[in-house]
Each structure stands twice: as structure tokens, then as C-alpha cells.
Amino acid sequence: MSLRENYQFQFTDEKSNVLTFQLEHSEVIARVFVLENDMVRVLMSKGDQLEVKKTWLVAPGMDDVSFEGRDRLDLSPFSLPAYKFQDQGSHCTVETEKLKLHIDLNGFKITWFSKNSDGNEQQIAADRNTQAYNFDGSLGEGNFHYLQRTLDEQYFGLGEKSGETDRHGKRYRMLSIDPMGYDAQHTDPLYKHIPFYITRSTQTGLSFGIFYDNMAQSIFDMGNEMDNYHGWYRYYQSMAGDLDYYVILGPEVKDVVKKYSWLTGKTIFAPKWSFGYSGSTMTYTDAPDAQDQLKKFIEECEEHDILCDSFQLSSGYTSIEDKRYVFNWNTDKFPDAKGFINEYHEKGVRLCANIKPALLKDHPLFNELKEEKMFILNDKGEVEMAQFWDEVGAYIDFTNEESIKWWKQKVTEQLLEYGIDSTWNDNNEFEIWAKNAVCSGFGEETNFENVRALQPLLMMKASYEAQKEFAPEIRPYLISRSGSPGMQRYVQTWSGDNYTSWKSLKYNIKMGIGLSLSGIYNIGHDIGGFSGPAPEPELLVRWIQNGIFHPRFTIHSWNDDKSVNVPWMYEETTGLIRDLIKFRHRIIPYLYTALYKAHEKYEPIIRPTFYEFEADEKTFKENDDFMLGESMLVASVVEKGQRERSVYLPKYEGGWYDFHTSNWYEGGQTVSIPAPLEYNPLLIKAGSIIPVNDADASFTDKEKDERGFLLFPAKKSGSTSYELYEDDGISANYQENHTIISVQMDADQEAIKVSYKVEGEYKLSYDTLRFYLPENEQRKLYINGEELTKNSSYVVKL
């Protein structure tokens, strides 16, 4: 059949919320799965057999998925609601309480409608009229899905893409590579494979998400390409695998984000220490006296009173001469590795060790894995060699059970038994380009392209299992650079090896928002810039000011001049940076509760302002602001020399407080607020209740924990509440052993009345609570019915 001929489908079967259609004179089958009232799936295949029979990316409400994956046709995690189906010959309709599909059986072109509670319908999407799918290969190589496009649409998501938050008019490759020193405004592709985005209509205000459960490299054209023969369109193309997509109705952006996050699995609940400052640099471990350099780092932390909770050990510790060999300890650089690790632990600093999934051809263990066929191979059964750093090597095949066992054993023997606390899964983009590369596929050999994005996911899962099995009583913390949907079940991530520039600071913020809108919540960036020149003092300070408001807070570098990005890099800014890190330490209770909400309620930690205030169209204008949780509006300074910051305050009845000056502003306006080098502009939504660690921490006494609440009451009247999550910060039994402190705040013209209650099994490490009001607040404060006299704060005994 050519492009212009008929692609006529016939309805053939309806069973267990699955509707099946057959293309005439062809093996092509289309299936529609009614999963939820607001979620419908479409799957195209040639016959009943799928290219990839399992899914690892779809894990509804799950913490984990087995190495072998889930049956792609297993619908048991879904509610499978009642629906209406009508076959009207030339077309069919499918209706749930919230969605309606009109399927033109000539070409299987679907038009999607949202339904409100009154039954009114509004179109949200439609397949391209001329041809939407690549049934016979006439559109080119791989799977295609063409959708109509309108100029009033906005597109958000696709993970950590460069450029603006709205992806409309751009074209992206979904392919994981290692673009060290990338341009954060323009470079594409980057590190991660996130085939999901949100469409929002500015006309109707309705949003929906579309997720392609496919692990091959792909293209997302969001209106960059134009062709007069086809009208306005956008398209998805994958180079292998199956066309299997989920449509998720909002109606708001936040609804789509949370439902998609649920669909791909829960965010891992990392230990509390992972929120502390984490040091890192390639320079120390590349040095011939690496152990001495690292000892000096921890001594300088103590000397400058820099709170440091962990250090990320770059791959130089594995070197033999000038190359890197995973699971090898260079004993010249580290003559006493276990002693070095113990010294860090004695100072309260944990260690995260870098590991890589490829073995260079002269790795001491290369032949062992080659003989056991643990590498990714070609179709002749030979090891598939690929470029890796400054040499060639082979990637471990994580769809091979023996490879997984070997990996877990090495993580345990070479890292965990030494005392290493965490694995940093790096350089795991699996850059294999041969079309005949194959993977074991757990006994069902498959082309590498079918499972390209699966390899990094299973690598981090293997590391995760090794850590869990070694220390089952504690929650594991892992890091990974590459990944796909589902990576949030195992790791924290970051935006890779950024370039040192003001532009990177600005556009990394947008990358983080892209990840957050794509279900990847525990994120951050290399503070100060990883690649290129050393940051000037002002840039370093501004980058740290931005970084303290991200879940991952790591200063990392490999500067061209061999200098190292550390808090004491410049004498004139050391005091400022010390105070910023202490401020970060102070807000960890707020961050930790936000992570718990991400884990339990699928809520992002970092959010664009439109996530919270979608009714305010001005929040969709491109900006450099973001929300941390639901209360903090962070207005980072991203321009050199700027000492005032213009920020749009979303429409909100209660208004906004400037955290640093206590000035109150009405919402729905752009204001100019002070932005001295000493602090980052920060606005607090009125009505907010923010928990803080009130202890006066120092490097030698950073475990102290006292609790305070910063109160930002409504100016006139209003009621708000907050639930603080508390546990010991590390135990795996947190579900059974935690405590919630619920705080209610009611304000009127005369008084602010606060009540709290404590519920749960965990014994709190403190016995008092302090409450703080803005400096210029004159109303009386009542705590659990008792009027308190103001000193610097209001203190109550638990």
C-alpha cells in the first residue's frame, strides 16, 4: 500500500478492557486499552507478537520491577473502569467518565476528547489526517506517530532537554550520549531517555500527557518540521521496538505530572544525609597523591566550618596509568583505601564511589567476561567493541543474569566491603551504534536497539540490589547520570557535565523543571560548572545560592586549569558560602518532607510556577524562577552584576513575603526585590509553615537536630496547615517507624492561632518546638490556645 491508499481497519474483539482492530490484508493489529477513566493506551503490532514482550518503564504505583520486567499485557495494576464502546462501521467511539476517543477506521486516526462532569466534550488531540502511523514502512524507518498541532499549544517535559521550558517549535533526539561541556541552551541530545511530554492548550486550559513505552532512540519533532501537504503537525519516531503509547488526561498540568509519575513508579525515599552538601571533583582522584588530597579536603572543611555530609569519589581511584578500570583500586594513589574511608566516616562524611558499565579491552577482568559472554555482542556472537573514554572497550549486558550476579558481587567486594556507602553509576549511556548488536534478553536474544535505554536502568537496579542486600536495614542512596522513566525508583540524578558559564546556570534551572515535569524529582546540577574555566567568585556564589534549593546539592568540577570548585575557592567568598551551606542545612526538614511527598504522593520537589498557579496565564511566560515545594518561590540570580531581581509573583489571594526583608507583596504583579551577593532572592507564599533545623550546627556537630517552624500568616485572614514528616533519616522500616507533626495556622486581623499535634511511632530527637513570625508581625500568637510572649522566637515544650 502506498501513502495515498486505504488503510482500513476492522473491529475484531473486545475483552477485559482491550479492544482489538485488524488492518485489512495485513498482519497489523491495533489495540486500545481502557486503563483508567483518565488514561487510555494504544498499542500497534504486527500480529500478536511484540518486538519487546516486557515493560520495565511502566510500574504503576510500584517501588520496583524485576530484572526480567513485567508482562507488557498485564493490566492488573490498573482499575479497568467501565466504559462505552460503539462500532459504527466507518468509525468507533470509546468513552469513559472523563475521556472519549473517536476512531476513524480508515487509517486508525484517533481524535481525543476530554469530558467534564456535565458530559460536555472538548477536543484535546487528534492524529494527523493524511497519515498518522507507519503501517507498511511507507513513512520511513521505524515507528511513527503523527499528531495534529495548533499554534495555541504548549509542550512541556521530555526530561532534561536544553533550551526553554516550552518545547513548541523544537526538534529533539531522544538518545543518551556523553556531551561533556554541553551548551545548556542548544545542545541536543543529552544524557537521558524520557519519551514523555505534556500538551497544554492556551485556549481551553486543558492538558494531557503522552508517554511512549519504547526504549529505542527516537525523535520528537514538536513543530519544527513543516510540510504544506499535511497541515500543522508534530511527530514521534522510534527506530525500533513497538509503538505503545499512553494518553493521560489532566485536566491541569499538575494532574498529568502526578499520574505519569504514578505510572512509572515511586520515587525512592533516599536517606536524609543525601540532602547535605556533597563534595566532588575529578582533580583529587586524578592526582598521584589522591588519598592525601582527599584528606586535605576534609581537613579544610573542618578548618572553614563547612558542613559536609558526603563526598563523591570520581573514577580516578580506579586508574591504571592514565586509564580507568572499574572495580580496580589504584593502591599507589590510595595506599590505605579502607583507612581513608574510615577517616571520612569518623568525620561524619559518607562516600559515593564512581562506577562505569564498560571494561576497556585491557582491563584485567576483560577476558573473564568475554569467555562467559557477559558483554553485549554482535549477531555473530562476538564482543561488540565500542569507544569508551580514550580507548575501546565493551559494555556489560545487564539483560544477562550472570552479568548481573557478577556486577553485584564486584560492587559488594570492591566497594561496600571496603566501607563505601553509595554507588555513583556514571558514563552509562551505552553508546553502541552497530545495528547488529544484540543482548541476551534474559534468554530471549534481542537487538540492542530494542532495549537501548533499558541497559542503564538495569545497571542502576543491579547496584541498588547489591546495596540493599549488603545492608538491608538501611535505605540505599544511589546516583546515576543516564536513565529512563523508572530511574526514579532507584537513584538521584543530575544534569551531567555542564559547562562553566552564566548561561549554564540559567538553562540548567529549566532542565531541572523539564525533569520534574517528567516524573524525575530528585535532581540537581554540578554547582560551579563541571567543564571549562574555573568559575569567577560571583558566578560560584550565585550557583551555590541556586543549588541550595535543589534536592541534589553537589559542587563538582574538572576545570581546565586543574583548580577545584570548593567552598573556600576564593577567600573573599568563603564566609558567604559557609552561611549558604548552613542555610541549606537549616531547611533540610522541609526538603526531606518534600521528598517523602514525592515518594508517597507523586508530587515534584522542584516545580515551575505554573504548576501551582496554572490559572494565572502569566506564570507560563518563560522565566528563571521555580517553586521548591508548595511554599518557596526561588528567584535565582543568573546574570552577572545583578543586585536587584525582577520577579513575577503569581496571583494568590494571600500574597507573598520576601523571606529576607519580611516585606509583603500582593500577588499578580512583577516586583523588583533586593539581590545582594549575600543571599538568593526568596519569596514565601503567605500562609506557609516551613519547618527548619534550629540547631546551631558546625562541621564537628552537624548531627544536632532541633525543630522550629517559620510562620508566614495571611495578612488579613486565612487558614492553612502543614504536615512535617520525621523519622531517623536512614532506616528501611520508615513506614512503620515515623511520626507526623501536624500544624494548623488560623489568622485574622487580631491574632494568629496555631495548633499542633504529634502522631506516630518514632521518638523525636527533640523536646521543644520554636515558632517564628516575620519581623514586622504585630498580631498576638496563640499556640494550642495559650498566648505566647515574644522573645526572638516562641518556644513550647512537647
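Quick caveat, the model's predicted, so the values are computed rather than measured. (Residues numbered from 1 in each chain as written. Predicted model: local features only at pLDDT ≥ 70, side-chain atom pairs only at ≥ 80, totals over all residues. Heavy atoms only, no water.)

1. Focus on the overall build of the protein
Along the backbone of the protein there are 12 helices and 54 strands. Over its C-alpha atoms the protein spans a radius of gyration of 27 Å, differing by no more than 12% from the 28 Å that the globule rule assigns to 798 residues. With respect to the three principal axes, the spread of C-alpha positions in the protein is 80 × 70 × 50 Å. When each of the 798 residues of the protein is scored for burial, the buried share is 65%. When contacts within the protein are restricted to residue pairs at least 6 apart in sequence, long-range pairs at least 24 apart make up 67% of them. Of the roughly 28,800 Å² of accessible surface on the protein, a fraction of 44% belongs to carbon and sulfur atoms. For the protein, the distance from the average position of its 85 positive side-chain charges to the average position of its 124 negative side-chain charges is 3 Å. (Helix = DSSP H or I, 4+ residues; strand = E, 2+ residues; numbered from the N terminus. Rg over C-alpha atoms; globule rule 2.2 N^0.38 Å. Buried < 20%, exposed > 50% of the residue type's maximum accessible area, 1.4 Å probe, protein only. Contact = heavy atoms within 4.5 Å. Areas by Shrake-Rupley, 256 points an atom, 1.4 Å probe, with all protein chains shown as cover. Lys, Arg positive; Asp, Glu negative; His and termini not counted. Charge placed at Lys NZ, Arg CZ, Asp CG, Glu CD.)

2. Re the pattern of salt bridges
This structure, assessed with the given rule, holds 54 salt bridges. For Lys435, the salt bridge is made with Glu141, and the minimal N-O distance between the two is 3.9 Å. On the criterion of sequence distance, the pair formed by Lys435 in the loop between β29 (422-425) and β30 (437-439) and Glu141 in the loop between β11 (121-126) and β12 (143-148) is long-range, its members being 294 residues apart. The exposed category is assigned to Lys435, whose relative accessible area is 68%. Three or more residues joined by partner-sharing salt bridges are found here, namely Asp178, Lys356, Asp426, Glu429, Arg481 and Asp497. (Salt bridge = Lys/Arg side-chain N within 4 Å of Asp/Glu carboxyl O.)

3. Details of the pairing of strand β51 (residues 768-772)
Bridge count between strand β47 (residues 707-712) and β51: four bridges; the pairing is parallel. Along β51, the bridge assignment pairs Arg707 with Leu769. One ladder, built from four bridges, connects β51 with strand β54 (residues 794-797); its direction is antiparallel. Bridging from a neighbouring strand, Arg770 pairs with Val795 of β54. (Pairing = 2+ DSSP bridges.)

4. Brief notes about a nonpolar patch on the surface
Judged by side-chain polarity, Leu151, Met226 and Trp232 come together as a nonpolar surface patch covering roughly 370 Å² of accessible area. Inspection of the secondary structure puts Leu151 in the loop between β12 and β13 (153-157). Using a relative accessible area of 61% as the deciding quantity, one classes Leu151 as exposed. (Patch = residues over 30% accessible without salt bridge, like charges linked within 9 Å, V, L, I, M, F, W, Y side chains within 5 Å.)

5. What about the pairing of strand β3 (residues 28-36)?
Here is the key point about a regular strand: its side chains alternate between the two faces of the sheet. In terms of burial, β3 is a largely internal element, nine of the nine residues being buried. Bridging between strand β2 (residues 18-23) and β3 involves five bridges; their strand directions are antiparallel. Its bridge partner being in β3, Leu19 is matched across the sheet by Val32. Counting the residues between successive antiparallel strands, the hairpin from β2 to β3 contains four residues, one of them, His25, with a positive phi of roughly 60°. Here β3 pairs with strand β4 (residues 39-46) via eight bridges, running antiparallel. Bridge assignment links Val32 to a residue of β4, and that residue is Val42. The turn joining β3 and β4, which pair antiparallel and follow one another in sequence, is formed by two residues.

6. Thoughts on the packing of aromatic side chains
For any pair of aromatic rings, the description rests on two quantities: the centre-to-centre distance and the angle between the ring planes. One pass over the structure, following the stated rule, counts 65 aromatic pairs. The interplanar angle of 35° and the centroid separation of 6.2 Å between the aromatic rings of Phe144 and Tyr235 together place this pair among those described as tilted. Here Phe144, found in strand β12, pairs with Tyr235, found in strand β18 (residues 233-238); they are 91 residues apart in sequence, far enough to count as distant. When its relative accessible area of 5% is taken as the criterion, Phe144 is described as buried. Considering the side-chain rings of Phe398 and Phe430, the 6.4 Å spacing of their centres and the 80° angle between planes classify their relative orientation as edge-to-face. (Phe/Tyr/Trp six-rings, centres within 6.5 Å; stacked < 30°, edge-to-face > 60°.)

7. Considerations on the sheet that holds strand β17 (residues 218-221)
The strand order across the open sheet built from four strands is β12-β18-β17-β14, with neighbouring strands paired in antiparallel fashion. If you trace the sheet from one side to the other, it starts and ends with β12 and β14 (171-174), each paired once. With strand direction ignored, the average angle separating the axes of adjacent strands in the sheet is 15°. When β14 meets β17, the two strands line up antiparallel, connected through four bridges. (Axes fitted to C-alpha atoms, helices over the stretch in contact; angles between N-to-C directions.)

8. Section: helix α9 (residues 537-547)
Most of α9 is tucked away: 10 of the 11 residues are buried. Buried residues of α9: Glu538, Leu539, Leu540, Val541, Arg542, Trp543, Ile544, Gln545, Asn546 and Gly547, and no others. Buried residues along α9 sit against α8 (502-516), β34 (526-527), β36 (554-555), α10 (571-586) and β39 (626-628).

9. Side note on the packing of helix α3 (residues 290-303) against helix α4 (residues 337-346)
At their nearest, the axes of α3 and α4 sit 11 Å apart, and the two run at 5° to each other. One element, α3, and the other, α4, form an angle in the roughly parallel class. Across the interface between the two elements, Gln291, Leu294, Lys295, Phe297 and Ile298 from α3 touch Ala337, Phe340, Glu343 and Tyr344 from α4. Of the residues belonging to the contact of α3 with α4, the class tally is six nonpolar, one polar and two charged. (Parallel < 35°, antiparallel > 145°, perpendicular 65-115°, else oblique. Nonpolar A, V, L, I, M, F, W, Y, C, P; charged D, E, K, R; others polar.)

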